[in-house]
Amino acid sequence: MATAVMLCALAGHAQTIYDAVKFTDKDLNGTARFVGMGGAMGALGGDISTIATNPAGIGIYRSSDIMTSFGFSAYGTESNYLGTKLNNDKVQGSFDNIGAVFSTKIGNYTSLRYVNFGFNYKRAKSFYNNTSMEGRINLGAGDVVVNQTYQMANQANTLLDEYGVDLWALDQDGVNLFRRNDVGWLSALGYKGGVILANDEGFGYTGYQPYSKFYSEERGGIDQYDFNVAFNFNDRFYLGLTIGAYDVNYTKYSYYDESYGSDEYGDDEYYFLESNNRIDGSGFDFKVGGILRPFESSPLRIGFAVHTPTFYNLTLTTSAYLQSKFADMEYPAEVDTYEKLGGNDMSREFRLQTPWKYNLSLGYTVGSNLALGAEYEYQDYSTMKFKEPGGYDMDFETSTANDYLKGVSTLRLGAEYKVIPQFALRAGYNYASTAFNDIAYKELPPNSVNTDTDYANAKSKSDYTLGIGYRGDMFYADLAYKFTTYKSDFYAFRDVELKKTDLTNTRSQVLFTLGMRF
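Now for a look at the structure at hand. Nothing here was measured: the structure is a model prediction, and the numbers come from that model.

## Some remarks on the overall build of the protein
Scanning the protein from N- to C-terminus turns up 7 helices and 21 strands. Expected size for 518 residues packed as a compact globule is a radius of gyration near 24 Å; at 26 Å, the protein falls within 12% of this value. In terms of overall dimensions, the protein has C-alpha extents of about 90 × 45 × 40 Å along its principal axes. Counting the 518 residues in the protein, one finds 53% classified as buried. Sequence-distant contacts, at least 24 apart, represent 74% of the contacts inside the protein between residues at least 6 apart. When the accessible surface of the protein is totalled, it reaches about 21,800 Å², and 55% of it is carbon and sulfur. If the 45 positive side-chain charges of the protein are averaged to one point and the 62 negative ones to another, these points end up 13 Å apart.

Below you can see the structure in the form of structure tokens.
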């Protein structure tokens, strides 16, 4: 593996709010019972997956429990750009959770009845996604010329006009643009590849209306490890604490192509840009929760929980490749950042602090046959913070979050009905509002090493769930189905005149849990 090139503390930026939102948002995942009830078990408790939503839910246990879950998912993304529709469908197996609860009875006549300990691993987030679009840019928009080269030229001109950094002058002096802390890679690739040209007024962009193609692959996920202690007081009040550890593994490959037709010699004029990003790292948080049964004669339970920010230490590794061919070129031009850095990728470390999370839940049982749960969660994405490895604030990224993100409200509803004591039916629903303001876009600072200019503003998300379960004397088995759907406004690059691509994202997931209580 190539050794990453590290730059000094004044290194260019490499982080965006779009990556941060991915790491903050979590999937509805865990045991099949938890998913089958839509995750609305914060006040009901008694399931290992509540360790990550309301830690007090582990205090409901009166016996020890060991379980594991695995599943199968079908992912789908449909894009529609000005009538051109493309579909990407993929399937993937998964190992979703494994955990254990160890219940210790203290006594029947003391205030403290049980002290329980729990551990759970789950796949908190899957980044698995393929996206594609293509078409004549802004077809039918008259004389408005829109292409990615404008964003390249704008970055170069901003460097020149506001910071006095002249790509042309640096290049004439033999400076390696990709080793400079104050040069954005997007503009450097465009300049070195002949896509944007220096002139008396700065840098000009290609004045053609292109036929464009975009494709990206995202892979990886977030693994979550939760450690819990919970207390049962008089079977009326439950208190829990969870310490969470997170392992992040995210990769993204993107390809963007602009074709301008043929020159006077019949040769195609074009360029394409490939970007490879990888983000790895770890994080931790704390969760505190309680469950109160306010009336001794009533089964009503009220749950509440507070989650601290997740404190991530992350490393981005990136490289890019551009190839272009225009009328004045005898051969295609190639620019490879890996070669420009002596056979190395660029590496940047940063810290991310996600927002605080607040959870309120209700649970109610009717006899021993029916359980109902409702849950509301709030997280203000605009308060997330970016920091340098040394702890210094990254003002540009943090202010971008303040400007373009907002609070996210999540509603969870769930029900379980026992047809007979051993057999249960379940159903649930989740709704999560969007994290993005209407004006949100991927803003790259002039010295950013990011070259993937695409971004998608996800709208509200819905999860629909069904489940069945069997309970024996010791062993149990649960099966759940979850259907997730949400729409996004996608843009291959930033331009106020660019028309959006409509994306519809879906995921069908089947989960199976096996467990034993003793």
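Next, the rest of the story.
## Overview of a nonpolar patch on the surface
Nonpolar side chains collect at one region of the surface, where Phe119, Tyr225, Phe227, Leu239, Leu241, Ile243, Phe284, Phe286, Val288 and Phe311 lie side by side and expose about 800 Å² of accessible area between them. Those elements giving two or more residues to the nonpolar patch turn out to be strand 7 (211–233), strand 8 (237–262) and strand 9 (268–292). Turning to its location among the elements, phenylalanine 119 is positioned in strand 3 (residues 112–126). Residue phenylalanine 119 is classed as partly exposed on the basis of its relative accessible area, which comes to 31%.

## Some points on the pairing of strand 9
Sheet topology note: the strand 8/strand 9 ladder contains 25 bridges and is antiparallel. Bridge pairing in strand 9 links glycine 261 to glutamate 269. The pairing of strand 9 with strand 11 (residues 311–325) spans 15 bridges and is classified as antiparallel. Among the inter-strand pairings, phenylalanine 284 is bridged to a residue of strand 11, identified as phenylalanine 311. Examined bridge by bridge, strand 9 and strand 10 (residues 301–307) share 6 bridges and lie antiparallel to one another. From the neighbouring strand, glycine 289 faces strand 10, where its bridge partner is alanine 305.

## Regarding the side chain of threonine 501
Positionally, threonine 501 belongs in strand 21 (residues 501–517). Threonine 501 sits in the buried class, given a relative accessible area of 2%. Filtering out sequence-adjacent residues up to four positions away, threonine 501 remains in contact with Ser79, Asn80, Tyr81, Met133, Ser488, Asp489 and Phe490.

## Quick look at the nonpolar core
Phe23 and Leu352 are the most contacted members of the largest nonpolar core, which totals 72 residues. Apart from residues no more than four positions distant in its own chain, leucine 352 is found in contact with Ala20, Phe23, Thr310, Phe311, Tyr312, Leu314, Met384, Lys385 and Phe386. Formed by 10 residues, the second largest nonpolar core is a distinct cluster that contains Phe34, Met41, Leu44 and Ala480.

## Notes on helix 1 (residues 17–24)
Burial of helix 1 is extensive: 7 of the 8 residues sit out of reach of the surface. Turning to helix 1, its buried residues are Ile17, Tyr18, Asp19, Ala20, Val21, Phe23 and Thr24.

## Considerations on the packing of aromatic side chains
Across all of its chains, the model carries 26 aromatic pairs by this definition. Both rings, one in phenylalanine 70 and one in phenylalanine 512, keep their centres 5.7 Å apart while their planes meet at 70°; by these two values the pair is edge-to-face. With phenylalanine 70 in strand 1 (residues 65–81) and phenylalanine 512 in strand 21, this residue pair connects regions lying 442 residues apart in the sequence. For phenylalanine 70, a relative accessible area of 39% corresponds to the partly exposed category. Taken together, a centroid distance of 6.0 Å and an interplanar angle of 45° make the contact between phenylalanine 272 and tyrosine 321 tilted. Placement of phenylalanine 272 in strand 9 and of tyrosine 321 in strand 11 is noted, with a sequence separation of 49 residues between them. What links up through ring pairs into an aromatic cluster is the set Phe23, Phe127, Tyr246, Tyr250 and Tyr312. Sitting over the face of the ring of tyrosine 128, arginine 219 holds its NZ or CZ atom 4.0 Å from the ring centroid. It is arginine 471 that lies over the ring of tyrosine 476; its NZ or CZ is 4.3 Å from the centre.

## Quick look at the pattern of salt bridges
Throughout the structure, instances matching the rule amount to 28 salt bridges. A salt bridge links arginine 62 to aspartate 235; the nearest nitrogen and oxygen atoms lie 2.9 Å apart. Residue arginine 62 is found in the loop between helix 2 (32–36) and strand 1, and its partner aspartate 235 is found in the loop between strand 7 and strand 8; the two are separated by 173 residues along the sequence. For aspartate 235, a relative accessible area of 16% gives the class buried.

Rules used in this analysis
Residues numbered from 1 in each chain as written. Predicted model: local features only at pLDDT ≥ 70, side-chain atom pairs only at ≥ 80, totals over all residues. Heavy atoms only, no water. Helix = DSSP H or I, 4+ residues; strand = E, 2+ residues; numbered from the N terminus. Rg over C-alpha atoms; globule rule 2.2 N^0.38 Å. Buried < 20%, exposed > 50% of the residue type's maximum accessible area, 1.4 Å probe, protein only. Contact = heavy atoms within 4.5 Å. Areas by Shrake-Rupley, 256 points an atom, 1.4 Å probe, with all protein chains shown as cover. Lys, Arg positive; Asp, Glu negative; His and termini not counted. Charge placed at Lys NZ, Arg CZ, Asp CG, Glu CD. Patch = residues over 30% accessible without salt bridge, like charges linked within 9 Å, V, L, I, M, F, W, Y side chains within 5 Å. Salt bridge = Lys/Arg side-chain N within 4 Å of Asp/Glu carboxyl O. Pairing = 2+ DSSP bridges. Core = buried A, V, L, I, M, F, W, Y, C linked by side-chain atoms within 4.5 Å. Phe/Tyr/Trp six-rings, centres within 6.5 Å; stacked < 30°, edge-to-face > 60°. Lys NZ or Arg CZ within 6 Å of the ring centre and 35° of its normal.

This is a description of form; function is not addressed.
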